[in-house]
Amino acid sequence: MKTEEVTPIKIEKTTSSRIGQVDFDKLVFGSVFTDHMFVCDYVDGRWETPQIIPYQPLTLDPSARVFHYAQAVFEGMKAYRDDNDGIWLFRPDENFKRINRSSERMAMPVFPEEYFFEGVKTLLKLDEEWIRKGEGNSLYIRPFVIATEPSVMASPSNQYKFVIICSPAQSYYGGEVRVKIADHYSRAASGGIGYAKAAANYGAQFYPTSLAQKEGYQQVIWTDANTHEYLEEAGTMNVFFRIGDTLLTAPTNDRILDGVTRKSVIAIAEANGIKVEVRPVKVSEIIAAAKDGSLKEIFGSGTAAVINPVAGFGYGDEKFELPKMDKPYASMIKKLIVDIQYNKAEDPYGWRYKV
Ligand code: COI
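The structure presented is a predicted model; accordingly, all values stated were derived computationally and were not measured.

**As for the nonpolar core**
And then number 1: In this structure, Val73 and Ile221 are the most contacted members of the largest nonpolar core, which totals 87 residues.
And then number 2: Examining the composition of this core, we find that six residues originate from one element, strand 8 (residues 138-147), more than from any other.
And then number 3: Sequence-distant contacts of isoleucine 221, defined by excluding residues within four places in its chain, comprise Val179, Ile181, Ala182, Leu231, Ala234 and Val239.

Right under this line is the structure:
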């Protein structure tokens, strides 16, 4: 991670902050944004001088390729304020690498490392007041890249915009969720874009997720597109299953997002003596374990969701409730991760990054 080089970011500060209008106790995830945004344009084969400007609408030509061919990728990161007012990021190098992996898959140019880190740090310093103290409070950082060239030609754009916006956040789901296991629709196909944080991966889930929501579920757990026999990931989270005392999660592949929280959960669980099996997980195995009582927990992991317990799930016409555990792995692992994120515990992994 290069941080020593100083990137010449052009900064235009806002003359009137909106922070006074925000009720930080009643935040709806992703609906309020800080005073500034980072913007960098790609023109003539190179990224131009990055800028930080007051948060404002983007002006794009209606023919910009992002609108027609969904050439767009994004990331999700969070900044945390510790009790001594230190500001921290969690494994931002993983987000940086992943946005470039996503861009490459979508035939978009990679973004320079020093622009990314200087951009995030400068933006956070300017909008630092928006990061509130206290566990559960964070600033959700949304870097994204869009194809801006005006042309409906079905080929990669020659112009792009890399933007970072930030949104004060509390919890994503606000409690336990119920999930539906997919047996018809699919999120991603082999050889497709499932592993990329491509905007289209998320938009494509809205319709099947809305059908599940009509049945009382918040999310779908996606299964492999070929057979629907193997569990893959939920719409906004990777998924873990606890059978007996063992945690199971699907291996990442070209259909599954390589979640930063997912890999942190695996490392923390193993370091704390929990057996983790990263292997294909069959739907039939989970149904059988739910029926014989050995399925103890399901939880999702993600930047926005952190670690979210699943209260119950549906498969076809069947519905299953998860037992209430005395010491759920979900809460134990969440605490260990959150304590690192908020600088309340040692960080033996070197995951915390000082802004
Ligand atoms: C994140 O956890 O950052 C995600 O990407 C989920 C998002 C779609 C809300």
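Read on, since the account is not over.
**Quick look at the site of the ligand**
And then number 1: Around the ligand, the structure places Gly76, Tyr202, Thr236, Gly302, Thr303 and Ala304.
And then number 2: Taken together, the residues that form the shell around the ligand break down as two nonpolar, four polar and no charged.

**Brief notes about the pairing of strand 19 (residues 318-321)**
And then number 1: Both strand 18 (residues 306-315) and strand 19 contribute to a ladder of four bridges, which runs antiparallel. By the bridge assignment for strand 19, glycine 312 is matched with glutamate 321.
And then number 2: Taken together, strand 18 and the strand that follows it, strand 19, pair antiparallel across an intervening segment of two residues, in which glycine 316 is found at a positive phi of about 60°.

**Focus on the UniProt feature "modified residue: N6-(pyridoxal phosphate)lysine" (unreviewed entry) in the chain**
And then number 1: Under the present numbering, the feature "modified residue: N6-(pyridoxal phosphate)lysine" (unreviewed entry) in UniProt falls on Lys197.
And then number 2: Tracing the backbone shows lysine 197 in the loop between strand 10 (177-181) and helix 4 (199-203).
And then number 3: If we ignore the near neighbours within four places in the chain, the residues touching lysine 197 are Val73, Phe74, Glu75, Arg98, Ile99, Ser102 and Leu257.

Calculation criteria
Chains are numbered independently. Their residues run from 1 in the order of the written sequence. Selection of residues for local features in this predicted model requires a pLDDT of at least 70, selection of side-chain atom pairs for listing and counting requires 80 or more, and totals for whole chains, interfaces and linings are taken over all residues. For the purposes of this analysis, a nonpolar core is taken to be any set of buried Ala, Val, Leu, Ile, Met, Phe, Trp, Tyr and Cys residues that are connected through C-beta atoms within 7 Å. Once C-beta atoms are placed from the backbone, each residue is buried if 20 or more other C-beta atoms lie within 10 Å of its own, exposed if 12 or fewer, and partly exposed for counts between those two. Each helix is a run of H or I in the DSSP string that is no shorter than four residues. Each strand is a run of E no shorter than two, and both are numbered from the N terminus. Residues are defined as contacting one another if the C-beta atoms placed from their backbone atoms lie within 7 Å. All residues are tested the same way: a C-beta atom is placed from the backbone, and lying within 6 Å of a molecule or strand makes the residue near it. Throughout this entry, Asp, Glu, Lys and Arg are counted as charged residues, while Ala, Val, Leu, Ile, Met, Phe, Trp, Tyr, Cys and Pro are counted as nonpolar. The remaining residues, Gly among them, count as polar. Two strands are said to pair when DSSP picks up at least two bridges between them. UniProt positions are given in the numbering used here, feature names are shortened, and annotations may be inferred rather than shown by experiment.

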